[in-house]
Number of protein chains: 6
Amino acid sequence: MFDLGVVYRNIQRADGDTATRLGALGSATVHEAMGRVGLLKPYMRPIYSGAQVGGTAVTVLLQPGDNWMLHVAAEQIQPGDVVVAAVTTDSTDGFFGDLLATSFKARGARALIIDGGVRDVRVLAEMNFPVWSKAISSKGTVKATLGSVNVPVVCAGALVTPGDVVVADDDGVVVVPAALAPTVLETALAREANETAKRAKLASGVLGLDMYNMREPLRQAGLRYID
Amino acid sequence: MFDLGVVYRNIQRADGDTATRLGALGSATVHEAMGRVGLLKPYMRPIYSGAQVGGTAVTVLLQPGDNWMLHVAAEQIQPGDVVVAAVTTDSTDGFFGDLLATSFKARGARALIIDGGVRDVRVLAEMNFPVWSKAISSKGTVKATLGSVNVPVVCAGALVTPGDVVVADDDGVVVVPAALAPTVLETALAREANETAKRAKLASGVLGLDMYNMREPLRQAGLRYID
Amino acid sequence: MFDLGVVYRNIQRADGDTATRLGALGSATVHEAMGRVGLLKPYMRPIYSGAQVGGTAVTVLLQPGDNWMLHVAAEQIQPGDVVVAAVTTDSTDGFFGDLLATSFKARGARALIIDGGVRDVRVLAEMNFPVWSKAISSKGTVKATLGSVNVPVVCAGALVTPGDVVVADDDGVVVVPAALAPTVLETALAREANETAKRAKLASGVLGLDMYNMREPLRQAGLRYID
Amino acid sequence: MFDLGVVYRNIQRADGDTATRLGALGSATVHEAMGRVGLLKPYMRPIYSGAQVGGTAVTVLLQPGDNWMLHVAAEQIQPGDVVVAAVTTDSTDGFFGDLLATSFKARGARALIIDGGVRDVRVLAEMNFPVWSKAISSKGTVKATLGSVNVPVVCAGALVTPGDVVVADDDGVVVVPAALAPTVLETALAREANETAKRAKLASGVLGLDMYNMREPLRQAGLRYID
Amino acid sequence: MFDLGVVYRNIQRADGDTATRLGALGSATVHEAMGRVGLLKPYMRPIYSGAQVGGTAVTVLLQPGDNWMLHVAAEQIQPGDVVVAAVTTDSTDGFFGDLLATSFKARGARALIIDGGVRDVRVLAEMNFPVWSKAISSKGTVKATLGSVNVPVVCAGALVTPGDVVVADDDGVVVVPAALAPTVLETALAREANETAKRAKLASGVLGLDMYNMREPLRQAGLRYID
Amino acid sequence: MFDLGVVYRNIQRADGDTATRLGALGSATVHEAMGRVGLLKPYMRPIYSGAQVGGTAVTVLLQPGDNWMLHVAAEQIQPGDVVVAAVTTDSTDGFFGDLLATSFKARGARALIIDGGVRDVRVLAEMNFPVWSKAISSKGTVKATLGSVNVPVVCAGALVTPGDVVVADDDGVVVVPAALAPTVLETALAREANETAKRAKLASGVLGLDMYNMREPLRQAGLRYID
């Protein structure tokens, strides 16, 4: 009835270079450039710190306690992709480990974003294959029930369409619809450029109150100072 | 950049009669007929028990601690609608109370589904205006920042497109894409018809093991009985 | 060192009549009249629905898994009081049951607000003794370690000073500092009066957009309508 | 390797009359008589209030998102049993609904205790078949992977061995090992008898401080009264 | 009505040297010296490990999804201060990032304690500006609604009055009322001195049972050894 | 009544060498070899990354906010043991710190697994004494109420019997019943050997779909590819 048991082989990926450049800007800057939408819930955390990626989404819909579709997804990965896995129900099971990571890496995947659990995290760190997940768990899974690959999924509260740009770093994970990627990149670059000057001013002791001209709006909103 | 600050006035609603009939079947039956997808997370609970509705979705995207867009949404409600409200971040604030409920009801809304908090719950029960929410909270909200009305939203982990059918009862809330509503209704009705006979058999003492012919598959899967 | 092992016998209670009248207005109205502060976290829920109280706070600081100080607090209760119990660490144990409720009721207490667990909830409902708590649990407690009575406590995220007004209903629990109680009552009554007229207007089909003159501010904030 | 894929047909049930009488005493009294152990975590809540049962445990170990073994368990139910279902991982899926309840009831089961989700809750209430669960959810399950029946399970943090007495009411769920059931019953009855006299005293205004002779131990522990 | 929209410019800070010395002792030792009170809830975690600070509190009350008052607070910071930010409702939004950190650091702040989210955590670590927070999140905030600066706040369950000493390290965050700081320091130093000798004894194989003379009290409490 | 206030001095430990070798295989491999059971809930996390241990369980049952029995347990530790501590109710208090760790280490303990909180985590890391816990917290505990040592306990959802093998690493904690340890070791070693070859194949670009012969079962389950 619904899109279960389906693999879409031809998806429209956002431009790879745009994805890479958005990745370099980081999730906070990109999220602001999006107008403060598109963020996955903050329970999604990297399994090791310091990783920062941008890539195009290959999506997977998993069934609880079942990682069959991750094997199906591996074949659909192209270099520069980030795999985004949702589960049809809340689960912290360890759907993904070092064997699948070896395969994903061999296919050119840059990262996994999974609204579930992951295991073999020490080996994954040694392999330098970053994962953002809801949990870390040794709990293994079966291969018994179909999900789908490359259908739109809701992952950690955000809609991800195959081919979207995914940006992830220590601050979290943000999704940029493929059609908006060029404009978001432009806005984000402008924002970034703007921040360097601000940082220098603030470091010199200038207050945000003055730099952003907040004193008058605060007064009008009714702020009172009491000595 | 993204769809913030926008109100779509013309949305394609699913057929109202189909929505009503899906509502009468209940969320569990409809969810099964969908192939076990489309369910909002189970933290969404009715503020009083016994309510059961089916209607067409008017969607709202709220900012945290801000209920401005619920007032904007009221104008877009047509009789038979169910308002579905998402928030750009996790929030349990009381975005909705008896005044807004009075307005929604006057416009013909059947229910509110909100991924946030609600208040005046005793009055809402007396008014017979059902709400499914994440929380109950007296916490009031401001009217300062724009969201949107009738854009696709992710509410409690499920994608809701304006005009979709929403079915809610004591078991939870399920969303049926407008295009699939007729087929889902047909499947659900068949399933329902099927259940009455099964119930009678089970009540008479027939085991599911025999009624569903599970003994052989269980044996093949390796089930052992030990006396 | 800190205020542990101490019982303050003389506390300055807010006016009892003011407390009762604030109780009748309910937590949402009082919380708004306070400027949207003073609310306990929404995980505090009544053990049965429909109760609504206002009273003056007798405070208790409990140790985890230990209800000794509730017995000490009973002696400090005066008619019209509401006992507010905090715990020095997160706990869901059942600190309070029907025996203590019998004693509290005999002393004139109107309710218990406890950032922990409670048990015998069916009997408490039969006794008509309302409790707002974080949990319901059969888990019993010991009587081994001192806490305090009538010291300022943080209960479910809100500061409660002995003698403060506590208002609780199905929407939650709000605390009004004793010194502010008369002014908050005045503001809340004005707000309440105002709402009746609004409710009638909204019921007649007038939109909040027009009744609150929101159209122009929304336009200025950039809201766009798309047909 | 471990006890998966196994059904034990002959279990040693605690005496049925003892189980029934423990049920009548309630979870709080029984838990105290046990020395304050044996309690399931307080997130286990009844799907409707007012139910109170005692029975002998038939245990089930389920796989996530899979209710196959509940059908297997139905055949092992004898009149007076309470089915206790654990899951090998955290899950809120709706493993159980009105069809299984019809079957369980036909076999003589008194209740279901499940560390997972349940659905059709309105029908279950109408059937008067009580369930204590972690969640309510429309989410359906598959029948694909084996668990076990009548092996020791950990349900909501408590070890339950087949044949143990299970007592459940609005306060929670407690497990009494079969071998201890007679002694626990005796202790619980003594405790119960004792409480009636205490309740009358407290209702007359006697303080627990005096009735339990707490003043001297409190003084020795260092309690100070400040006027 | 309540203290919203207010900035107190003159606060009574605890002695800076005392604050620094308490910081060096660490949160566990200081918490014990306080009599086991004053601790923020353990969900408050450092964004990088190894930081340890003591300082005087500048407090901020924020509105959900709004970081306006952090800019107002920056002006009130003096060298040696620790900023403590509470929010009027639960929020995980990223209220604070590298720009504000640059400003806070330029003013002499030693750390931020925030009952909400923070972002740019990699840059913050590089800047060596420690933050203890409830969450890490890219989610940006607006500047639309007033809160307050230097009013008493409840942060993560603890009351913090402006000028109090705040001690934070890998174990958590503890607050010492300014008036108690000298006595707490004395007690903590005595405790610390005491621990070195104990550690040596335990390392040599002496049991706590003997070092603390626990055998007799355990026997009196009824402990039984079974071979 | 139940096993409270009891210390079992003679427990049957699993073979130490087997425990050590299981530890070297890691929790994910051992959990798989167990048939995917025996895992503690994934909220149990190491206080520092990189530790990996296998040892024999000495169990402790603690009361909330009370660490008395950890001192009692210290005497029962033998070289190669791992202490497993459960609490009779949910608690995040800091039951364990550097002094107890010094004592445990002097006795030969390899690690602590505790379904509660721990403190002095920086010192514990410097001492190289690994702990897996539910929380980190400065909150101290008292020594007032008896629990037990070396009774079967439920720790983080898993039954642990004294003498069982406990395996813990960055992925989590798994328990192997002493009687099964040799067979589990054998199965785990076979699995491990098998993985090396698989890893090489996957790294060379072979897909799991082909290596595991999944294409036909997927086709039979109904998987459709759409171009």
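Please read these numbers as outputs of a predicted model, since none were measured by experiment.

A.B. asks: Describe the packing of aromatic side chains, with residues and values.
C.D. replies: For the structure shown, the criterion picks out twelve aromatic pairs over all chains. What links up through ring pairs into an aromatic cluster is the set Phe96(A), Phe104(A) and Phe129(A).

A.B. asks: Can you break down unusual backbone geometry residue by residue, with the values?
C.D. replies: The phi torsion at Ala156(D) lies on the positive side, around 50°, for a residue other than glycine. Along the polypeptide, Ala156(D) turns up in the loop between β8 (153–155) and β9 (158–160). Although it is not a glycine, Asn150(F) sits at a positive phi angle of roughly 65°. Positionally, Asn150(F) belongs in the loop between β7 (148–149) and β8 (153–155).

A.B. asks: Please set out the side chain of Thr29(C) residue by residue, giving values where relevant.
C.D. replies: Looking at the secondary structure, you find Thr29(C) in helix α2 (residues 27–33). For Thr29(C), the contacting residues outside a window of four places in its chain are Ala188(C), Arg191(C) and Glu192(C).

A.B. asks: Tell me about the pairing of strand β10 (residues 165–169) of chain E, residues and numbers included.
C.D. replies: All names here are of chain E. Counted residue by residue, β10 has five buried out of five residues, so it is predominantly covered. Burial along β10 is two-sided: the residues Val-165, Val-167 and Asp-169 and Val-166 and Ala-168 are all buried. Note: strand β3 (residues 53–62) against β10, four bridges, orientation antiparallel. Note on β10: the bridge partner recorded for Val-53 is Ala-168. Across five bridges, β10 lies against strand β11 (residues 172–176) in antiparallel orientation. The residue bridging Ala-168 from the neighbouring strand is Val-173, located in β11. Here β10 folds back onto β11 in antiparallel fashion, the turn holding two residues.

A.B. asks: Would you mind going over the relation of the copies chain C and chain F in detail, with residue names and values included?
C.D. replies: Each copy of the sequence occupies a distinct position, and chain C is placed on chain F by a rotation of 180° and an axial shift of 0.0 Å, giving an RMSD of 0.0 Å. A rotation of that kind, with that shift, is consistent with a two-fold axis. Here 100% of the contact residues of chain C are again contact residues in chain F; the copies associate through an equivalent surface.

A.B. asks: Which residues make up the packing of helix α4 (residues 98–107) of chain B against helix α6 (residues 181–203) of chain C, and what values do they have?
C.D. replies: The contact between α4(B) and α6(C) brings their axes to 8 Å, and the two run at 15°. Here α6(C) runs roughly parallel to α4(B), going by the angle between their axes. α4(B) and α6(C) meet at a crossing whose hand is right-handed. Mapping the contact onto sequence places Asp98(B), Leu99(B), Thr102(B), Ser103(B) and Ala106(B) in α4(B) and Glu195(C), Lys198(C), Arg199(C), Leu202(C) and Ala203(C) in α6(C). Grouping the constituent residues of the contact of α4(B) with α6(C) by class yields four nonpolar, two polar and four charged.

A.B. asks: Account for the interface of chain A and chain F, with residues named and values stated.
C.D. replies: Counting residues at the interface gives 35 residues for chain A and 36 residues for chain F. Carbon and sulfur atoms supply 58% of the area buried between chain A and chain F, which totals about 3,100 Å² over both sides. Looking only at chain A, the three residues that lose the most surface to chain F are Leu99(A), Arg122(A) and Ser138(A), adding up to 20% of its buried area. At the surface where chain A touches chain F, the tally comes to four salt bridges. Between Asp227(F) and Arg9(A) there is a salt bridge, with the nearest N and O atoms lying 2.7 Å from each other. Here chain A is connected to chain F by 16 residue pairs in polar contact (both at pLDDT 80 or more). Mapped onto the side of chain A that touches chain F, the elements with two or more residues apiece are β1 (6–8), α3 (68–74), α4 (98–107) and α5 (121–127) of chain A. The biggest single contributor to the side of chain A that touches chain F is α4(A), with six residues. Of the residues contributing to the side of chain A that touches chain F, the split by class is 14 nonpolar, twelve polar and nine charged.

A.B. asks: Got a sec to walk through the relation of the copies chain A and chain F? Specific residues and values, please.
C.D. replies: For the match of chain A to chain F, the screw axis carries a shift of 0.0 Å, the RMSD comes to 0.0 Å, and the turn is 120°. Here the copies are linked by what is in effect a three-fold axis.

A.B. asks: Residue-level account of the interface of chain C and chain F, with values.
C.D. replies: Facing the eleven residues of chain C at the interface are eleven residues of chain F. Buried surface at the junction of chain C and chain F, both sides included, amounts to about 710 Å², of which 50% is carbon and sulfur. Where chain C packs against chain F, one counts zero salt bridges. Run the count over chain C and chain F and you get two residue pairs in polar contact (both at pLDDT 80 or more).

A.B. asks: How would you sum up the nonpolar core? Please name residues and give values.
C.D. replies: Counting 79 residues, the largest nonpolar core has Phe96(A), Phe104(A) and Ile113(A) as its most contacted members. Here Phe96(A) is in contact with Leu70(A), Ala101(A), Phe104(A), Leu112(A), Gly117(A), Val118(A), Arg119(A), Leu124(A), Phe129(A) and Val131(A), once residues within four sequence places are set aside.

A.B. asks: Help me get a handle on the side chain of Asp170(A), residues and values and all.
C.D. replies: On the secondary structure map, Asp170(A) appears in the loop between β10 (165–169) and β11 (172–176). Buried charge without a partner: Asp170(A) forms no salt bridge, and the closest opposite charge is Arg122(E), 4.7 Å away. Of note is the side chain of Asp170(A), whose polar atom sits 3.0 Å from the backbone nitrogen of Gly50(A). Beyond its immediate chain neighbours, meaning those up to four positions away, Asp170(A) contacts Arg45(A), Pro46(A), Tyr48(A), Ser49(A), Gly50(A), Ala51(A), Val121(E), Arg122(E) and Ile136(E).

A.B. asks: Would you mind going over the confidence of the model for chain A in detail, with residue names and values included?
C.D. replies: Should pLDDT be low for a region, the predicted coordinates there are not to be read in detail. Taken as a whole, chain A shows an average pLDDT of 96; of its residues, 99% reach a score of 70 or greater. Predicted as a complex, the structure gets a pTM of 0.97 and an ipTM equal to 0.95.

Definitions and cut-offs
Residues numbered from 1 in each chain as written. Chains lettered and ligands numbered in written order. Predicted model: local features only at pLDDT ≥ 70, side-chain atom pairs only at ≥ 80, totals over all residues. Heavy atoms only, no water. Phe/Tyr/Trp six-rings, centres within 6.5 Å; stacked < 30°, edge-to-face > 60°. Helix = DSSP H or I, 4+ residues; strand = E, 2+ residues; numbered from the N terminus. Contact = heavy atoms within 4.5 Å. Buried < 20%, exposed > 50% of the residue type's maximum accessible area, 1.4 Å probe, protein only. Pairing = 2+ DSSP bridges. Least-squares fit on C-alpha atoms with pLDDT ≥ 70 in both. Axes fitted to C-alpha atoms, helices over the stretch in contact; angles between N-to-C directions. Parallel < 35°, antiparallel > 145°, perpendicular 65-115°, else oblique. Left-handed = near helix turned anticlockwise from the far one by under 90°. Nonpolar A, V, L, I, M, F, W, Y, C, P; charged D, E, K, R; others polar. Buried area = accessible area lost by both parts, 1.4 Å probe. Salt bridge = Lys/Arg side-chain N within 4 Å of Asp/Glu carboxyl O. Polar contact = N/O pair within 3.5 Å; in protein donor to acceptor, adjacent residues only side chain to side chain. Core = buried A, V, L, I, M, F, W, Y, C linked by side-chain atoms within 4.5 Å. Lys, Arg positive; Asp, Glu negative; His and termini not counted. pLDDT = per-residue confidence, 0-100.

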